[in-house]
Amino acid sequence: QVQLVESGGGLVQAGGSLRLSCAASGRTFSSYAMGWFRQAPGKGREFVAGFTWSSIHTYYSDSVKGRFTISRDNAKNTVFLQMNSLKPEDTAVYYCAANTVGLRYRYYEYDYWGQGTQVTVSS
């Protein structure tokens, strides 16, 4: 069984920064893909950023490219999402997710999910 635990959300003013963490446990993650998703009130869950543990490549949605950075600590099986230049439209619950089939952009292609962490950006 895989466990994902997010932390680091909070309230920040527009233009500010937050760093989210996702601690993964329960399996060897070398063959997994990891993704960050978010869901704003009344909207669907959307892909934000992701990578596969076996690759150095990272992927971002157009809405966050250049502002958000996904990174990892291999030794600690931890994934980070550094969010800079935050905007009110970034307000959402942010989720960490994992799957074994490779990087995907649709939430329903991920098998494991964290509980989510709230990010609120005030204008």
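Reading guide: rules and limits
Residues numbered from 1 in each chain as written. Predicted model: local features only at pLDDT ≥ 70, side-chain atom pairs only at ≥ 80, totals over all residues. Heavy atoms only, no water. Disulfide = S-S within 2.5 Å. Helix = DSSP H or I, 4+ residues; strand = E, 2+ residues; numbered from the N terminus. Buried < 20%, exposed > 50% of the residue type's maximum accessible area, 1.4 Å probe, protein only. Pairing = 2+ DSSP bridges. Axes fitted to C-alpha atoms, helices over the stretch in contact; angles between N-to-C directions. Salt bridge = Lys/Arg side-chain N within 4 Å of Asp/Glu carboxyl O.

## Digging into the state of the cysteines
Enumeration according to the criterion identifies one disulfide in this entry. Covalently, Cys 22 is tied to Cys 96 through a disulfide, its sulfur atoms 2.1 Å apart. The chirality of the disulfide connecting Cys 22 with Cys 96 is left-handed, given an S-S dihedral of about -75°. With Cys 22 in strand S3 (residues 18-25) and Cys 96 in strand S9 (residues 92-99), the pair connects residues that are 74 residues apart, well separated along the chain. Under the relative-accessibility criterion, Cys 22 is labelled buried at 0%.

## Examining the pairing of strand S1 (residues 3-7)
Burial along S1 is one-sided: Leu 4 and Glu 6 are buried, and none of Gln 3, Val 5 and Ser 7, which face the opposite way, are. Of the strand pairs in this sheet, S1 and S3 are connected by five bridges, and their pairing is antiparallel. Across the sheet, Val 5 pairs through a bridge with Ala 23, a residue of S3.

## A short note on the sheet that holds S1
With respect to topology, four strands assemble into an open sheet ordered S1-S3-S8-S7, the strand pairing being antiparallel. This sheet does not close on itself; its edge strands, each paired only once, are S1 and strand S7 (68-73). Going across the sheet, the axis of each strand differs from the next one's by a mean of 15°, ignoring polarity. Looking at chain direction, S7 and strand S8 (residues 78-83) are connected through six bridges and run antiparallel. Bridge assignment links Ser 71 to a residue of S8, and that residue is Phe 80.

## Comments concerning the pattern of salt bridges
One pass over the full model with this rule turns up six salt bridges. Between Arg 38 and Glu 46 there is a salt bridge, with the nearest N and O atoms lying 2.6 Å from each other. Taken together, the salt bridges that share partners define one network made up of Arg 38, Glu 46, Arg 67 and Asp 90.

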